[in-house]
Amino acid sequence: MSNELHVPKGATADAYYTLDIDPKLAGWTHSGLRIVALEPGGSHTFTAGDSEWIVLPLEGGCTVQVEGETFQLRGRESVFASGTDFAYVPRDARAQISSDAGGRFALAGAKCERRLPARYGPASEVPVEVRGSGNCTRHVRNFASADAFECAKLIAVEVITPGGNWSSYPPHKHDEHRPGEESELEEIYYFEIDGPNGIGYQRVFPSREGGSDVLAEVRSGDAVLVPDGWHGPSIAQPGHDMYYLNVMAGPGETREWRICFHPDHVETTGGYR
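Residues numbered from 1 in each chain as written. Predicted model: local features only at pLDDT ≥ 70, side-chain atom pairs only at ≥ 80, totals over all residues. Heavy atoms only, no water.

## Re the overall build of the protein
Per the secondary structure count, the protein includes two helices and 22 strands. By the compact-globule yardstick of 19 Å for 273 residues, the protein fits well, its C-alpha radius of gyration being 18 Å. With respect to the three principal axes, the spread of C-alpha positions in the protein is 50 × 40 × 35 Å. The buried share among the 273 residues of the protein stands at 55%. Counting contacts in the protein only where the partners sit at least 6 residues apart, residues at least 24 apart contribute 73% of the total. Total accessible area computed for the protein in this model is approximately 11,800 Å², and 47% of it derives from carbon and sulfur atoms. (Helix = DSSP H or I, 4+ residues; strand = E, 2+ residues; numbered from the N terminus. Rg over C-alpha atoms; globule rule 2.2 N^0.38 Å. Buried < 20%, exposed > 50% of the residue type's maximum accessible area, 1.4 Å probe, protein only. Contact = heavy atoms within 4.5 Å. Areas by Shrake-Rupley, 256 points an atom, 1.4 Å probe, with all protein chains shown as cover.)

## What about the packing of aromatic side chains?
Under the defined criterion, the tally for this structure stands at eleven aromatic pairs. Judged by centre distance (6.3 Å) and plane angle (75°), the ring pair of Phe46 and Trp53 falls under edge-to-face. Overall, Phe46 belongs to the buried group, its relative accessible area being 3%. Given the relative accessible area of 6%, Trp53 is considered buried. Taking 4.9 Å as the distance between ring centres and 45° as the angle between the ring planes, the aromatic pair formed by Tyr189 and Tyr244 counts as tilted. Taken together, the positions of Tyr189 in strand E16 (residues 186–193) and Tyr244 in strand E21 (residues 242–249) put the pair 55 residues apart, joining distant regions of the chain. Accessibility expressed as a relative area gives 3% for Tyr244, which makes it buried. Pairwise contacts between aromatic rings join Phe86, Tyr88, Phe143 and Phe149 into one cluster. Taking the ring centre of Tyr88 as reference, the NZ or CZ of Arg119 above it sits at 4.6 Å. Lys173 extends its terminal NZ or CZ atom over the ring of Trp230, reaching a point 5.8 Å from the ring centre. (Phe/Tyr/Trp six-rings, centres within 6.5 Å; stacked < 30°, edge-to-face > 60°. Lys NZ or Arg CZ within 6 Å of the ring centre and 35° of its normal.)

## Let's talk about the pattern of salt bridges
What the rule picks out here adds up to 19 salt bridges. In this structure, Arg104 and Glu59 form a salt bridge, with 3.2 Å as the shortest nitrogen-oxygen distance. With Arg104 in strand E9 (residues 103–111) and Glu59 in strand E5 (residues 51–66), this pair connects stretches of sequence that are 45 residues apart. In this structure Arg104 comes out as partly exposed when scored by relative accessible area, which is 22%. For Glu181, the salt bridge identified is with Arg178, shortest N-O distance 2.9 Å. The class of Arg178 is partly exposed, set by a relative accessible area of 27%. Each member of the salt-bridge network shares a partner with another, and the members are Lys173, Asp175, Glu176, Arg178, Glu181, Glu182 and Arg208. (Salt bridge = Lys/Arg side-chain N within 4 Å of Asp/Glu carboxyl O.)

## Examining the environment of Ile188
Tracing the chain through its elements places Ile188 in strand E16. Residue classification places Ile188 among the buried residues on the basis of a relative accessible area of 0%. Each C-alpha atom, one on Ile188 and one on Met248, is 6.6 Å from the other, the two residues being 60 residues apart in sequence. When residues no more than four places from it in sequence are discounted, the contact partners of Ile188 are Ile21, Trp28, Ser31, Gly32, Leu33, Ala223, Val224, Leu225, Leu245, Asn246 and Val247.

## With respect to the pairing of strand E19 (residues 223–226)
Of the two faces of E19, both are covered, the one formed by Ala223 and Leu225 as well as the one formed by Val224 and Val226. Relative to E19, strand E1 (residues 6–7) is paired through two bridges, and the arrangement is antiparallel. Its bridge partner lying in E19, Val7 is registered against Ala223. As paired elements, E16 and E19 share four bridges and run antiparallel to each other. Note that in E19 the partner of Tyr189 across the bridge is Val224. (Pairing = 2+ DSSP bridges.)

## Things to note about unusual backbone geometry
In this structure, Pro170 follows Tyr169 across a cis peptide bond, with omega equal to 5°. Note that Pro170 resides in the loop between strand E14 (166–167) and strand E15 (172–173). Following Gly232, the chain continues to Pro233 via a peptide bond in cis, the omega torsion being 5°. Within the secondary structure layout, Pro233 lies in strand E20 (residues 230–236). For Glu67, which is not glycine, the phi dihedral falls at a positive 55°.

## Side note on the sheet that holds strand E12 (residues 138–144)
As summarised here, the arrangement of the seven strands in space is E1-E19-E16-E21-E13-E12-E11, forming an open sheet in which the pairing is antiparallel. The open sheet has two free edges, formed respectively by E1 and strand E11 (128–131), since each of these has just one partner strand.

Listed below in structure tokens is the structure:
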């Protein structure tokens with residue numbers, strides 16, 4: 001199994017970002033993710049280019065200035081503490097993130113052609129759902145799901161998996177365009193594990209000959225790329241809750257999340273219960 005889909009913490013770090021995954025690095029066409037860490041009083045300016053972006057606080061709050069607008073993001077203490085507010089940055093815009101107290105901020109992006117206005121996303125309007133049951137229970141924050149917040153291409157959600165539980169299960173895929181049944185989406189999983197020395201596991205296996213195949217032991221700051229294939233489960237170590245940020249986008253004209261479950265597992269689990 002190839003480990004090229006596993007991006008360990010620091011593997012793509014540069015002068016600006018602790019994680020920087022762009023479509024060229026990933027070997028695909030749309031999805032991207034950056035993590036920026038700011039010291040107290042620090043700021044970071046970036047140009048959106050041909051992508052739309054969501055500024056999502058992971059730890060701390062910030063001010064986002066874009067298109068003549070100023071958005072004050074309250075943020076949160078950590079990804080395990082609560083959901084958060086966020087800011088949308090359209091393509092071809094220039095944005096500045098600044099933070100009096102410092103913090104860490106995700107930039108979830110997708111290449112797109114349509115230009116939407118800069119906007120603020122309140123934490124109070126983020127739909128939250130409990131998905132699954134028993135030891136497959138997880139909590140999903142659908143802050144930029146296809147039906148929760150308008151974007152041109154980007155789909156992004158957060159998932160909290162309690163320690164000892166499985167999520168992203170049954171294994172599922174979205175690597176083919178089949179109208180009404182499945183959408184073609186490239187996906188990034190970005191992980192954080194609660195507590196020192198915590199670990200998790202992520203499985204991706206082929207849906208076609210020569211397809212993606214990896215079993216990764218993940219720690220805080222790691223990412224896993226899913227260009228194709230069945231993915232799941234995501235497994236949290238007992239005693240250590242696991243967080244992941246999913247960033248998805250694809251070539252389809254319609255922005256939608258349609259998935260196909262692995263038939264061998266749906267029969268025994270009943271799908272996303």
